[in-house]
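Chain residues, written in single-letter form:
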Amino acid sequence: QIAAHSAKLPNVTILATGGTIAGTGASSTTTVGYTAATVGVQSLIQAVPEIARVANITGEQVFQIASENMGNEHWLQLAKRVNVLLGQANVDGIVITHGTDTLEETAYFLNLVVKSKKPVVVVGSMRPSTALSADGPINLYNAVNLAGSPSAAGKGVLVAMNDQIHAARDVTKASTTTTDTFRAAELGMVGYIQGGKPYFYREVTRKHTVDTEFDVSKLDALPQVDVAYAYANVGDVAVKALVAAGAKGLVHAGVGNGSLPARTRPALIAAREKGVVVVRSSRVGQGIVARNGEANDDQLDFVAADTLSPQKARILLMLALTKTSDTKDIQRMFYTY
Ligand SMILES: NC(=O)C[C@H](N)C(=O)O
């Protein structure tokens, strides 16, 4: 708590996990080659005193990592903490500060396992806190406003970056270094934040949060699911290695409409025969991977990823495997979430 509590303001908890938003560089012009995850949550809060005027702020350092090091164990810990906090009457919304590299994955995981309608907003930055025109402070200010806004309730986990609001399911990091990196491609963002006020224009129709069947409260680990990437001349080495290493599920990041290269296909079929659940996704980044399109999923007993990117299909498949290994049921989930 950094300011006197005001009954007129929403109570927003900031859960800090690291990333560039908590990063520092050697000089104000260092925008690459900086060190992520060095600034603690209290310093992040103190750097943006404006947020104390729009919410009663509490900060917690959940972990302090660059988001390329995010693991399933971090997600489980974070999701459990979010669910505990949102169950409290004195928490109205949560902001999670996060590295941008896997931000969309954490957001989608939480979108499927948070059991509350209260706002959850994930935010990061592309420039470290020490940079000229650092984007972290304005992004944090926007995120706190969004998390404290009743208009953000019931919309699933949201991402606030670059004055834009994105839905966790559809957003992806689309540029390695620019501040407008978060985009939802053809499906589009859901709104803007202007002058601290959120404006919504669309909603994602897929189920989330309180309307999912997933429960992480008793889970200590998630099933092993990996991604095999397709390209011209690809073989079956990756698929075979992943299966040998114990994958319970495999997401194939196919070319085009989830096509299966002939040199990879037998290994995927063998994986399925061993009980591994195979999801066909696409490396393209936009569009539907159609069931029974470029492969006969009915015959192969594979699952089509719909519009989920390979990295998000991996998350849904992990959670699906905590409930069932029935591919028809898993396909239903891919058309539901
Ligand atoms: N902009 C960033 O946050 C990148 C950083 N590598 C991270 O994801 O933690």
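Thresholds, definitions, all that
- Residues numbered from 1 in each chain as written.
- Predicted model: local features only at pLDDT ≥ 70, side-chain atom pairs only at ≥ 80, totals over all residues.
- Heavy atoms only, no water.
- Helix = DSSP H or I, 4+ residues; strand = E, 2+ residues; numbered from the N terminus.
- Rg over C-alpha atoms; globule rule 2.2 N^0.38 Å.
- Buried < 20%, exposed > 50% of the residue type's maximum accessible area, 1.4 Å probe, protein only.
- Contact = heavy atoms within 4.5 Å.
- Areas by Shrake-Rupley, 256 points an atom, 1.4 Å probe, with all protein chains shown as cover.
- Salt bridge = Lys/Arg side-chain N within 4 Å of Asp/Glu carboxyl O.
- pLDDT = per-residue confidence, 0-100.
- UniProt positions renumbered as here; feature names shortened; annotations may be inferred.
- 1 Å grid on protein atoms, 1.4 Å probe; cavity = no way out; pocket = protein on both sides within 12 Å on 5 of 7 lines; lining within 4 Å.
- Near = heavy atom within 4 Å.
- Polar contact = N/O pair within 3.5 Å; in protein donor to acceptor, adjacent residues only side chain to side chain.
- Sits in = over half its atoms within 2 Å of the grid points.
- Nonpolar A, V, L, I, M, F, W, Y, C, P; charged D, E, K, R; others polar.

Caption draft 1: Molecular detail of the overall build of the protein chain. What the protein chain contains, in helices and strands, is nine helices and 14 strands. Taken over the C-alpha trace, the protein chain has a radius of gyration of 20 Å; the compact-globule value for 337 residues is 20 Å, and the two agree within 12%. Seen through its principal axes, the protein chain has C-alpha atoms that stretch 65 × 45 × 35 Å. Burial status across the protein chain gives 54% buried among its 337 residues. Within the protein chain, contacts between residues at least 6 apart in sequence are counted, and of these 73% link residues at least 24 apart. On the protein chain, roughly 14,100 Å² of surface is accessible, and the fraction owed to carbon and sulfur atoms is 50%.

Caption draft 2: Structural detail: the pattern of salt bridges. Per the stated rule, a full pass over the model turns up 14 salt bridges. Of the charged contacts in the structure, one is a salt bridge between Arg 332 and Asp 329, with a shortest N-O distance of 2.8 Å. Taken together, the residues Arg 332 and Asp 329, both in helix 9 (residues 327–334) and three residues apart, mark about one turn of the helix. For Arg 332, a relative accessible area of 33% gives the class partly exposed. A single salt-bridge network, built from bridges that share partners, covers Arg 169, Asp 170, Arg 206 and Asp 306.

Caption draft 3: Representation of the confidence of the model for the protein chain. Considering every residue of the protein chain, the mean pLDDT works out to 97; 99% of them sit at 70 or more. The ipTM assigned to the predicted complex is 0.97, against a pTM of 0.98.

Caption draft 4: Region of the structure containing the UniProt feature "active site" (unreviewed entry) in the protein chain. Under the feature "active site" (unreviewed entry), the UniProt entry names Thr 20 and Thr 100. These annotated residues cover 81 residues of sequence, and their C-alpha atoms lie no more than 7.5 Å from one another, placing them together at a single site. Here, the second largest pocket is lined by Thr 20 and Thr 100 out of the annotated residues. Checked against the element boundaries, Thr 20 lands in the loop between strand 1 (11–18) and helix 1 (41–46). Setting aside residues no more than four positions away along its own chain, Thr 20 makes contact with Tyr 34, Ala 36, Gly 99, Ser 125, Met 126, Arg 127, Pro 128 and Ser 129. Within the element layout of this structure, Thr 100 appears in the loop between strand 3 (93–97) and helix 3 (103–113). Judged by relative accessible area, which is 4%, Thr 100 ranks as buried. Excluding anything up to four places from it in sequence, Thr 100 contacts Ser 67, Gly 124, Ser 125, Met 126, Met 161, Lys 173 and Phe 182.

Caption draft 5: Seen up close, the site of the ligand. The local shell around the ligand consists of Gly 19, Thr 20, Tyr 34, Ala 66, Ser 67, Glu 68, Gly 99, Thr 100, Asp 101, Ser 125 and Met 126. A distance of 2.5 Å separates an oxygen atom of the ligand from a polar atom in the side chain of Ser 67. In the environment of the ligand, a nitrogen atom lies 2.6 Å from a nitrogen or oxygen atom belonging to the side chain of Thr 100. Relative to its unbound accessible area of 270 Å², the ligand is 92% covered by the protein chains. Judged by the proximity of its atoms to the pocket grid, the ligand belongs to the second largest pocket. Here the shell around the ligand is composed, by residue class, of three nonpolar, six polar and two charged.

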